[in-house]
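Notes for the structure review
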Amino acid sequence: MASQPEEEHPKKAFGWAARDTSGVLSPFKFSRRETGEKDVAFKVLYCGICHSDLHMVKNEWGNSIYPLVPGHEVAGEVTEVGSKVTKFKVGDRVGVGCMVNSCKSCQSCSDDLENYCPKIILTYSVKNVDGTITYGGYSDSMVCDENFVIRIPDALSLEAAAPLLCAGITVYSPLKYFGLDKPGLHLGVVGLGGLGHMAVKFAKAFGANVTVISTSPNKKKEALEHLGADSFVVSREQDQMQALMGTFDGIIDSVSAQHSLVPLLALVKNHGKLVMVGAPEKPLEVPAFSIIGGRKTVSGSMIGGIKETQEMIDFAAKHGVKPDIEIIAVDYVNTAMERLLKADVKYRFVIDIGNTLKASS
Amino acid sequence: MAKSYETELPLKAFGWAGTDTSGTLSPFNFSRRENGDDDVTLKILFCGVCHSDLHTLKNDWGFTTYPVVPGHEIVGEVTKIGNNVKNFKVGDKVGVGVMVESCQTCENCQQDLENYCPKLVFTYNSPYNGTRTYGGYSDFVVVHQRYVLQFPANLPLDAGAPLLCAGITVYSPMKYYGMTEPGKHLGVAGLGGLGHVAIKFGKAFGLKVTVISTSPNKKSEAIDKLGADSFIVSNDPEQMKAATGTIDYIIDTISADHSVLPLLGLLKLNGKLVTVGLPSKPLELPVFPLVAGRKLIGGSNFGGIKETQEMLDFCGKHNITADIELIKMDQINTAMERLSKADVKYRFVIDVANSFSSL
């Protein structure tokens, strides 16, 4: 007997979904809507695994809707376009990131900041305007409003483009917005995972001097030799941290575990900026002196608007900024999630959907 | 061996000092340096009582050295100038604020941001040339001319004194963080010395001003007397909810420990919360609202000399002074007790000159 997810839309679709808070994913039959006049339908070829996917499959943020098909770093090839679509045609290489629709009328939407729209429709696990639940990119196909589809330049492979759609824009946007994209600045990157390694690469592409700040000494060699960071400091080493006090124009903090901001604020120069892109669950302590004494700021940023995401992808293609990925078959996804939990990946898993996701009979 | 505060420097001085963490002040004989070539000596006429004075007296921040003579909102009359002093003459009415020396060579000093100099010398409680600095709860002070401000001729000296700290402490971040666009919406959290001046600056900048306070009884004064446009009681969930996402920027002047989460909720997208109060416990900063709304929390620490002068001139032009309660020096301990309960509208100012009988 077909389930409601299989019947609610006319086009058969297949993916992997989590059914409960164990977060274990398994094959899942569902359906996608007809390609509307402004929609772009595409076959999914690759999908990045974002740490948000892990939080969501386990309902760690309390808002997961099961069955849950994660995936918001989706790349593929257009198979059909609606009659009023002007930006894409069949065969185009495209991607979808964290959102598939917004209200299009609020101030944020008018300012190309759909990511901050209060009525944003996320790519997965939220209720869409038609009352159905959105399903993400761990699946064979997607249908999306053309205004939320990103063109992927030929210079980028689809598997490299996929993680840019979340990890890339999440660090690119604040580097631009907070003025940390000027050549010659000294930037710090805290946390060397999916977001962190992209922050290093974009910061270098902007001409910054980049220091990685990490708890793991064993990441040093790779950070310097492979990722292109200029220096590396172990945050538990007091001497190393002391030597760098007050030397950073800005720090991008990608760590979502609970951690102290106090030593990071000490690293920041007077009038410098600490930008959070990871979101620890509990509040963090900030002594007033840490920000008053040097007129420092702590701020945050969340993905980016569509216009800026396209700008970021084009920049990445032009400057050769690509994530370091480990391509996996879809049936490895649960193992990948376990490894991701232990930060055992350099630095993003990408599911080879096109070659390994087959509908089971 | 007891140090003799009276003889360590050549000029006899008199003030009131705190001597232990009780924070109680009492008469104190000490001494000041001779007026050097670059110095200005001023007879102190008025000195504002800043909440920092109270924190320092009680060693709330852990770096007080007793005896401490507080006071960094000083207005006085020049009585002597050094040979190199060209911008002041005897009889001028001048002000001295939070600092009396800086290194002059670091990047901060070079950019008129002496207030961020790592070698900053505060007007009181700082080590200085083998002794310490003593502040404005005293009869006179000798200050390098660079750190002396011209006091606007049209402003009353007593009501203008708090501008030297309270004034610059809100003016500087309002300028730096762009809180000056006419028509935008400013929130002022906390209605004390800093907060009430922030309202006045906010209105002078053409902003809509909302006061955010725990005390409903401050509402009519905030609106009728201080000129605020509206008032929210921060522990009223309905009022706070109605104001969610309506404010462009907030100056947080509250020095008691408090949660910033509700204040962050009031901010629009890209909103800024600037903290100028110095609670003794760390702020509990929830990161998610910053990330989800690209919001910012920043700090600011009084202002450089150039900007302090600019602020005073702005106040002269717009007739902005503090609302004060004038006291004599021997009422200071009672004033401090009242200050600790926020029982003052909105700054005590010590009438120094009329407090000390001539010896």
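Above this text is the structure in question.
Quick look at the structure, then. (Residues numbered from 1 in each chain as written. Chains lettered and ligands numbered in written order. Predicted model: local features only at pLDDT ≥ 70, side-chain atom pairs only at ≥ 80, totals over all residues. Heavy atoms only, no water.)

1. Focus: the overall build of chain B
Along the backbone of chain B there are eleven helices and 20 strands. In summary, chain B has a C-alpha radius of gyration of 20 Å against a globular reference of 21 Å for 359 residues, a match within 12%. Viewed in the frame of its principal axes, chain B has a C-alpha envelope of about 60 × 40 × 35 Å. Of all 359 residues assigned to chain B, the portion counted as buried reaches 59%. Considering only contacts within chain B whose residues lie at least 6 apart along the sequence, 66% involve residues at least 24 apart. Accessible surface for chain B amounts to roughly 14100 Å². Of this, 50% is attributable to carbon and sulfur atoms. (Helix = DSSP H or I, 4+ residues; strand = E, 2+ residues; numbered from the N terminus. Rg over C-alpha atoms; globule rule 2.2 N^0.38 Å. Buried < 20%, exposed > 50% of the residue type's maximum accessible area, 1.4 Å probe, protein only. Contact = heavy atoms within 4.5 Å. Areas by Shrake-Rupley, 256 points an atom, 1.4 Å probe, with all protein chains shown as cover.)

2. Things to note about the overall build of chain A
In terms of regular secondary structure, chain A is built from twelve helices and 18 strands. In terms of overall size, chain A behaves like a compact globule, its C-alpha atoms giving a radius of gyration of 20 Å where 361 residues would be expected to give roughly 21 Å. For chain A, the C-alpha atoms occupy an extent of roughly 65 × 40 × 35 Å along the three principal directions. The buried share among the 361 residues of chain A stands at 58%. For chain A, the accessible area works out to roughly 14400 Å², and carbon and sulfur atoms hold 51% of it. Here chain A holds 38 positive side-chain charges and 41 negative ones, and the gap between their average locations is 3 Å. (Lys, Arg positive; Asp, Glu negative; His and termini not counted. Charge placed at Lys NZ, Arg CZ, Asp CG, Glu CD.)

3. Side note on the packing of helix 4 (residues 166–176) of chain B against helix 5 (residues 193–204) of chain B
Two measures define how a pair of helices packs: the angle their axes make with one another and the distance between the axes. All names here are of chain B. One can describe the packing of helix 4 onto helix 5 by two numbers: an axis separation of 9 Å at closest approach and a directional angle of 50°. Overall, the two elements helix 4 and helix 5 adopt an arrangement that is oblique. Helix-helix and strand crossings are classified by hand; for helix 4 and helix 5 the assignment is right-handed. Seen from helix 4, the contacting residues are Ala166, Gly167, Thr169, Val170, Tyr171 and Met174; seen from helix 5, they are Gly193, Leu194, Val197, Ala198, Phe201 and Gly202. For the contact of helix 4 with helix 5, the class distribution of residues is eight nonpolar, four polar and no charged. (Axes fitted to C-alpha atoms, helices over the stretch in contact; angles between N-to-C directions. Parallel < 35°, antiparallel > 145°, perpendicular 65-115°, else oblique. Left-handed = near helix turned anticlockwise from the far one by under 90°. Nonpolar A, V, L, I, M, F, W, Y, C, P; charged D, E, K, R; others polar.)

4. Some words on the sheet that holds strand 16 (residues 297–300) of chain A
Ordered in space as 12(A)-11(A)-10(A)-13(A)-14(A)-16(A)-18(B)-16(B)-15(B)-12(B)-13(B)-14(B), the twelve strands form an open sheet in which the pairing is mixed. Among the strands making up the open sheet, the edge pair consists of strand 12 (231–234) of chain A together with strand 14 (230–233) of chain B. Strand-to-strand, the axes of this sheet are offset by a mean angle of 20°, without reference to chain direction. Here five bridges tie strand 15 (residues 247–252) of chain B to strand 16 (residues 267–275) of chain B, and the two strands are oriented parallel to one another. Bridged to Asp252(B) within strand 16 of chain B is Thr275(B). (Pairing = 2+ DSSP bridges.)

5. What to know about the side chain of Ser299(A)
By the secondary structure assignment, Ser299(A) is in strand 16. Not counting residues up to four positions away in its chain, the partners in contact with Ser299(A) are Phe178(A), Leu274(A), Val275(A), Met276(A), Leu290(B), Lys295(B) and Leu296(B).

6. A word on the packing of helix 4 of chain B against helix 10 (residues 305–318) of chain B
All names here are of chain B. Across the interface, helix 4 lies against helix 10 with an axial gap of 10 Å and an inter-helix angle of 100°. Comparing the axis directions of helix 4 and helix 10 gives the class roughly perpendicular. Two secondary-structure elements touch here, helix 4 through Gly167, Ile168, Tyr171, Ser172 and Lys175 and helix 10 through Glu307, Thr308, Glu310, Met311 and Phe314. Of the residues assigned to the contact of helix 4 with helix 10, the class counts are four nonpolar, three polar and three charged.

7. Notes on the interface of chain B and chain A
Counting residues at the interface gives 34 residues for chain B and 32 residues for chain A. A buried area of about 2900 Å², summed over both sides, lies between chain B and chain A, and 66% of it is on carbon and sulfur atoms. Looking only at chain B, the three residues that lose the most surface to chain A are Val287(B), Val291(B) and Arg294(B), adding up to 23% of its buried area. Our enumeration of links across chain B and chain A arrives at zero salt bridges. (Buried area = accessible area lost by both parts, 1.4 Å probe. Salt bridge = Lys/Arg side-chain N within 4 Å of Asp/Glu carboxyl O.)

8. A few points about the packing of aromatic side chains
In this structure the tally under the stated criterion is 24 aromatic pairs over all chains. Summarising the aromatic geometry, the rings of Tyr172(A) and Phe315(A) are spaced 5.8 Å apart at their centres and angled 55° between planes, so their arrangement reads as tilted. Here Tyr172(A) is found in helix 4 (residues 158–177), whereas its partner Phe315(A) is found in helix 10 (residues 306–319), with 143 residues between them in sequence. This pair shows no difference in class: Tyr172(A) is buried, exactly as Phe315(A) is. Taken together, Tyr172(A), Phe202(A), Phe206(A) and Phe315(A) form an aromatic cluster joined through their ring pairs. Arg295(A) extends its terminal NZ or CZ atom over the ring of Tyr176(B), reaching a point 3.4 Å from the ring centre. The cationic tip of Arg294(B) hangs over the ring face of Tyr177(A); the distance from NZ or CZ to the ring centre is 3.6 Å. (Phe/Tyr/Trp six-rings, centres within 6.5 Å; stacked < 30°, edge-to-face > 60°. Lys NZ or Arg CZ within 6 Å of the ring centre and 35° of its normal.)

9. Things to note about helix 5 of chain B
Residue and element names in this part refer to chain B. With twelve residues, helix 5 extends 17 Å from end C-alpha to end C-alpha; this agrees with the ideal 16 Å at 1.5 Å per step. Burial analysis of helix 5 places ten of its twelve residues in the buried class, which makes it a mostly covered element. Of the residues making up helix 5, those classed as buried are Gly193, Leu194, Gly195, His196, Val197, Ala198, Ile199, Lys200, Phe201 and Gly202. Those residues of helix 5 that are buried are in contact with helix 4, strand 12 (185–189), strand 13 (208–213), helix 10 and strand 20 (347–351). Following helix 5 by one or two positions, Gly206 has its phi on the positive side, about 85°. (Expected span 1.5 Å × (residues − 1).)

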